[in-house]
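# Inside the fold
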Amino acid sequence: MTNNANIVPERAGWRGRGSLSSMVSELKRQIDARLDFVIDSRDLVVAVDGGQLRLKGSPSAAEWIPRAGFALQRQALRQLAERANPSIPLRHVEEAAEKAPRRLADYMTGLMHDAPERRLVRVLDGKVRGFLSDAYKCIDNADVAAAVLEGAKEARASILEATLSDTAMRIKLVVPEIVEDVERVRSGDASGGAGSIGSPEYLARVAANSRGTMPQLPSGPNAVCPILTVGNSETGHGTFFGRVGILQAFCVNLATVETKLAQVHLGQRLETGIFSRETIALEADLILRKGKDLMRTAFDPARFKELVDKVRATVGQVVVRPIAAVEVACRAGLLGLDRLDALTQAFMQEPGGTSVYNLGQAIARVAQDVDNADEASEWEQFAGDVLSGKHSRELMAAGGGADDVLARAH
């Protein structure tokens, strides 16, 4: 793997997993630090300046592109390569950016000029963060956050966590008053070992984020509450979405189980020129109304019970060979084997035995320790997949014959 020295590192303000106030402050800052414009690709040039790959413009585009151009973030360079005709394999792009940046710049410029198209270019802090279709409908993170907060008041939901990366924003909300029991520990049994309790650092951060507004979560290893994750990407790395899941209240394990809203950012073709904040807000209005509707319905007790009923089946699905199952889970979820030991430990300490359900909870537990917001979200989604039984057969069969293991599980 190359170190991509010629690709400008992704950087801009606050990033990570933290409080809503930190995220909102950063989103407000970005409003004055960004630029969005639509341009014909024949008016663009990829160049190398000071060892960096930069996107520059022709004299006709001087109104919004300075002479020095804009540095290309890794994500924008990848989009430029994907949208080229013919497209350029990403592995080749990153290797060429390291070893032959000028050749790569000339080649990409030639492709843009040979097959001209209008493109939406999104710039933040002087760096190109998105190279998108001119039919891309801009939905700002600030507008999504405002809609979520308005909907949260109506639903009496509390903010559990806010995350922001260079590619996506996510806000997680919970209503602790809605409770269901998933019986993995019977009445009178031990309530679970240390592994059943969430990360002390994560729990402290959640408590600090709430600033005293977080209601008391129900106790006990069986109680679960509804959780809603609302997310958005401003740069084409996914849709505006809402995912409903379950929160294991005892340890604050979060798993997203169902996608209730996924709205692709596509609209009418945009006109050439700079796009104002007002234009972007108008384009996104319809989608944001759908998001508010989701907020009003996501915390319905009857619907949450239906969701919990889907995951209860995995409590009785026994994993006979836990260590082998953990490795299968890491590979199936593309989670990487670097956290294999941590996941194994979390799984073996979950209360109630080595069930598929507890493996899903262990995956959600490890997600608390993942600093990268995008990676943590992937773990939470995969935890939901495991809890809902999508991988039960392969997990129960791990390390032995499928028929033999399944027979022993019933």
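Definitions and cut-offs
- Residues numbered from 1 in each chain as written.
- Predicted model: local features only at pLDDT ≥ 70, side-chain atom pairs only at ≥ 80, totals over all residues.
- Heavy atoms only, no water.
- Salt bridge = Lys/Arg side-chain N within 4 Å of Asp/Glu carboxyl O.
- Helix = DSSP H or I, 4+ residues; strand = E, 2+ residues; numbered from the N terminus.
- Buried < 20%, exposed > 50% of the residue type's maximum accessible area, 1.4 Å probe, protein only.
- Expected span 1.5 Å × (residues − 1).
- Polar contact = N/O pair within 3.5 Å; in protein donor to acceptor, adjacent residues only side chain to side chain.
- Phe/Tyr/Trp six-rings, centres within 6.5 Å; stacked < 30°, edge-to-face > 60°.
- Lys NZ or Arg CZ within 6 Å of the ring centre and 35° of its normal.
- Contact = heavy atoms within 4.5 Å.
- Core = buried A, V, L, I, M, F, W, Y, C linked by side-chain atoms within 4.5 Å.
- Axes fitted to C-alpha atoms, helices over the stretch in contact; angles between N-to-C directions.
- Parallel < 35°, antiparallel > 145°, perpendicular 65-115°, else oblique.
- Left-handed = near helix turned anticlockwise from the far one by under 90°.
- Nonpolar A, V, L, I, M, F, W, Y, C, P; charged D, E, K, R; others polar.
- Arc of directions from axis to C-beta.
- Pairing = 2+ DSSP bridges.

### Description of the pattern of salt bridges
Enumeration over the complete set of coordinates arrives at 29 salt bridges. Notably, a salt bridge pairs Glu26 with Arg15, separated by 3.2 Å at the nearest N-O pair. One end of the pair, Glu26, is in helix 1 (residues 20–31); the other, Arg15, is in the segment before strand 1 (16–18), and eleven residues separate them in sequence. Look at Glu26 and you get buried, because its relative accessible area is 3%. A salt bridge links Lys390 to Asp385, with the shortest nitrogen-to-oxygen separation between them at 3.4 Å. Among the residues examined, Lys390 registers a relative accessible area of 57% and is labelled exposed. On the basis of relative accessibility, which here comes to 22%, the residue Asp385 falls in the partly exposed class.

### Comments concerning helix 13 (residues 373–387)
Spanning 15 residues, helix 13 covers 21 Å between terminal C-alpha atoms, matching the ideal 21 Å at 1.5 Å per step. Burial of helix 13 is extensive: eleven of the 15 residues sit out of reach of the surface. Where helix 13 is concerned, the buried positions are Ala373, Asp374, Ala376, Ser377, Trp379, Glu380, Phe382, Ala383, Gly384, Val386 and Leu387. For helix 13, the N-terminal capping position is held by Asn372, with its side-chain oxygen 3.0 Å away from the main-chain nitrogen of Asp374.

### As for the packing of aromatic side chains
Taken as a whole and assessed by the stated rule, the structure comprises one aromatic pair. Measuring from ring centre to ring centre gives 5.9 Å for Phe37 and Trp64, while their planes differ by 40°; the resulting arrangement is tilted. Of this pair, Phe37 sits in strand 2 (residues 34–40) while Trp64 is found in the loop between strand 4 (52–57) and strand 5 (70–72), placing the two residues 27 residues apart along the sequence. One residue, Arg243, lies across the ring of Phe241, its end atom 3.8 Å from the ring centre.

### Points about the side chain of Gln361
Relative to the helices and strands, Gln361 resides in helix 12 (residues 356–367). You can call Gln361 buried: its relative accessible area is 1%. What Gln361 contacts, discounting residues up to four positions off in sequence, is Arg184, Ile246, Gln248, Asn253, Glu350 and Leu387.

### Structural notes on the nonpolar core
Membership of the largest hydrophobic core comes to 61 residues, with the highest contact counts inside it found for Met23, Ile171, Leu173, Ile246 and Ile363. With eight residues, the single largest contributor to this core is helix 12. Non-local contacts of Ile363, meaning those with residues more than four positions away in its chain, are made with Ala329, Leu335, Leu343, Trp379, Phe382, Ala383 and Val386.

### So, the environment of Leu228
With respect to the secondary-structure elements, Leu228 resides in strand 11 (residues 223–232). Look at Leu228 and you get buried, because its relative accessible area is 0%. Once the C-alpha coordinates of Leu228 and Thr256 are considered, the two residues, 28 residues apart in sequence, prove to be 7.9 Å apart.

### Some words on the packing of helix 10 (residues 322–332) against helix 11 (residues 340–349)
Relative placement of two packed helices is described by the angle separating their axes and the distance separating the axes. One way to put it is that helix 10 packs onto helix 11 with a least axis distance of 10 Å and a crossing angle of 130°. Relative to helix 11, the element helix 10 lies oblique. In this structure, helix 10 crosses over helix 11, and the sense of that crossing is right-handed. Between helix 10, through Pro322, Ile323, Val326, Glu327 and Cys330, and helix 11, the contact on the second element is made entirely by Leu340, Leu343, Thr344, Phe347 and Met348. Class assignment for the residues of the contact of helix 10 with helix 11 results in eight nonpolar, one polar and one charged.

### Here's the deal with the environment of Ala373
Relative to the helices and strands, Ala373 is located in helix 13. Take Ala373: its relative accessible area is 7%, and that puts it in the buried class. Residues Ala373 and Leu164, spaced 209 residues apart in sequence, show a C-alpha to C-alpha distance of 6.8 Å. Setting aside chain neighbours within four positions, we find Ala373 in contact with Gly16, Arg17, Thr163 and Arg170.

### Considering helix 10
Regarding helix 10, the residues found buried are Pro322, Ala325, Val326, Ala329 and Cys330. Down the axis of helix 10, the buried side of the element spans an arc of 140°, and every buried residue falls inside it. Facing away from the buried side of helix 10, by more than 90 degrees, are the exposed residues Ile323 and Arg331. In the core, the buried residues of helix 10 are packed alongside helix 11, helix 12, helix 13 and helix 14 (392–396).

### Quick word on the pairing of strand 8 (residues 158–164)
Of all seven residues in strand 8, seven are buried; the element is thus mostly enclosed. Direction of pairing for strand 1 relative to strand 8: antiparallel, over a ladder of three bridges. Residue pairing across strands places Arg17 opposite Thr163, the latter belonging to strand 8. Across six bridges, strand 8 lies against strand 9 (residues 169–174) in antiparallel orientation. Looking at the pairing, Glu161 lines up with Lys172 of strand 9. Remark: four residues form the turn of the hairpin made by strand 8 and strand 9, two consecutive strands paired antiparallel.

### Examining unusual backbone geometry
The omega torsion across Asn85 and Pro86 is 5°, close enough to zero to call that bond cis. Position of Pro86 relative to the elements: it lies in the loop between helix 2 (74–83) and helix 3 (90–99). Phi angles above zero are rare outside glycine, and Asp125 is one such case at about 55°. Position of Asp125 among the secondary structure elements: in the loop between strand 6 (118–124) and strand 7 (127–133). You will see that Val252, though not glycine, has its phi angle at about 60°, which is positive. Along the polypeptide, Val252 turns up in the loop between strand 12 (240–248) and strand 13 (253–263).

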